[in-house]
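Letter by letter, the chains look like this.
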Amino acid sequence: MHSFALPASLTVVVCLLYGAVGVRWWHRAAAGRALAEAVAGLDVDPYHSAVVTGHATEAAAAELLLDRYAYLDHRGLVRLTKAGRTKGRTPAHPVPAALLEAVRRSHPRLVSPGRIHRHDAVYLERLAAYRRDREATWPRLPRPPGGAPGADRPCLSACGCLLLLPLLALMAASAMAVLESRPHTVAQWASTLATAAALVALWCAEPVHRRMLAATAVPDLPAERHRALPHPALTALDARRTALVHRGLEDRDRPRGPVARGPRVRAHRRRGAGGRCGTGAPGRRADRRRPPVRHPAAPRPARPARPRVRRPRPRRESP
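Residues numbered from 1 in each chain as written. Predicted model: local features only at pLDDT ≥ 70, side-chain atom pairs only at ≥ 80, totals over all residues. Heavy atoms only, no water.

**Focus on the pattern of salt bridges**
Inspection of every chain in the model, using the stated rule, returns seven salt bridges. Its salt-bridge partner being Glu 125, residue Arg 132 comes within 3.5 Å of it at the nearest N-O pair. Using a relative accessible area of 49% as the deciding quantity, one classes Arg 132 as partly exposed. (Salt bridge = Lys/Arg side-chain N within 4 Å of Asp/Glu carboxyl O. Buried < 20%, exposed > 50% of the residue type's maximum accessible area, 1.4 Å probe, protein only.)

Spelled out as structure tokens, the structure:
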């Protein structure tokens, strides 16, 4: 290797490659800072954050409890107060108003907040419409720098693949030249060492690019803003009512309304003949008081014949 053409060409390639990585690093960092500033200036509604995080029904139920539109019993079922039963009175915000209307639609049958959140299509549609209206008022946020590189730019991805093939061929030819070289002078040693250093730099370009992507990756800043904003109604509830709200949200598959209770009847009347509560299961009281009913046509089981044993009489002794 008597010429400096190969190490010079490899040095130019290394400078171009690392220059592209540096420019992309700066662009991604600037995009992340712009997105953070835009999200910090957003006017976020607590109910919007509750809808995004999935706590809208919980926050609306807490709002109804604080405004005395309803209260929760020990099972977590919503019971309307006098203000809640009045049709003209509704909360000012659309999310608790939607929950109150869902409770009024099922009145007088009782319903839990969890069942409304899961099965009431009208209520879920109103939540989705409220989220769309809120997000439509937001300004357009800058594009986040995350995601797969070149996923939305197929032309740049294709050009990168085409440039990768000549680069690999150049690296292979340079490695063969370094291995086959026999340097003797200082210039030859310098050329060989420069070529080897350029090959090592090209080999380390991919790990450097990975670290750049990890360092400039931006999380979902709007979602983090929503998660960091608790609803004031949830923080204003005491521990007892908070536990009732959680119980009502967990009650999703329980039947609607209270358990129906009829008149109390004596146990032996309710059980019927030979059964407990009319189910046919044997009851202890019925077995003690009544003999089992036997069908007249059913033959009686034959008793096994017992053999007759003649016992010898004791003999009297004559005096």
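Past the structure itself, the notes keep going.
**What to know about the confidence of the model for the protein**
Do not read the predicted coordinates in detail wherever pLDDT is low. The pLDDT averaged across the protein works out to 76; a share of 75% of its residues lies at or above 70. Residue range residues 254-287 is modelled with pLDDT below 50. Its contacts to residues more than four positions away, or to other chains, number 35 contacts. (pLDDT = per-residue confidence, 0-100. Contact = heavy atoms within 4.5 Å.)

**Comments concerning helix H5 (residues 94-106)**
Over its 13 residues, H5 runs 19 Å from end to end, which matches the ideal 18 Å to within 8%, given 1.5 Å per residue. For H5, a buried count of 10 out of 13 residues is recorded, marking the element as mostly surrounded by other parts of the structure. Residues of H5 that are buried include every one of Val 95, Pro 96, Ala 97, Ala 98, Leu 99, Leu 100, Ala 102, Val 103, Arg 104 and Ser 106, and no others. Its buried side turned inward, H5 meets helix H2 (46-53), helix H3 (56-66), strand S2 (78-80), helix H4 (82-85), helix H6 (113-119) and helix H7 (121-136). (Helix = DSSP H or I, 4+ residues; strand = E, 2+ residues; numbered from the N terminus. Expected span 1.5 Å × (residues − 1).)

**Here's the deal with the side chain of Arg 104**
Relative to the helices and strands, Arg 104 is located in helix H5. No salt bridge is formed by the buried Arg 104. Its closest oppositely charged neighbour is Glu 101, at 6.2 Å. Here the side chain of Arg 104 touches Gly 84 through a polar contact of 2.6 Å, landing on its backbone oxygen. Among the polar contacts listed, one links the side chain of Arg 104 to the backbone oxygen of Arg 89, at a separation of 2.6 Å. (Lys, Arg positive; Asp, Glu negative; His and termini not counted. Polar contact = N/O pair within 3.5 Å; in protein donor to acceptor, adjacent residues only side chain to side chain.)

**Some thoughts on empty space enclosed by the protein**
For the structure shown, the criterion picks out one cavity of 30 Å³ or more. Taken together, Ala 61, Leu 64, Leu 65, Ala 70, Leu 72, Val 78, Leu 99, Val 103 and Pro 113 form the lining of the largest cavity. Mapped by element, the contributors of at least two residues to the lining of the largest cavity are H3, strand S1 (70-72) and H5. With three residues, the single largest contributor to the lining of the largest cavity is H3. Among the residues making up the lining of the largest cavity, the classes are represented as nine nonpolar, no polar and no charged. (1 Å grid on protein atoms, 1.4 Å probe; cavity = no way out; pocket = protein on both sides within 12 Å on 5 of 7 lines; lining within 4 Å. Points joined across faces, edges and corners; volume = space filled by probe spheres on them. Nonpolar A, V, L, I, M, F, W, Y, C, P; charged D, E, K, R; others polar.)

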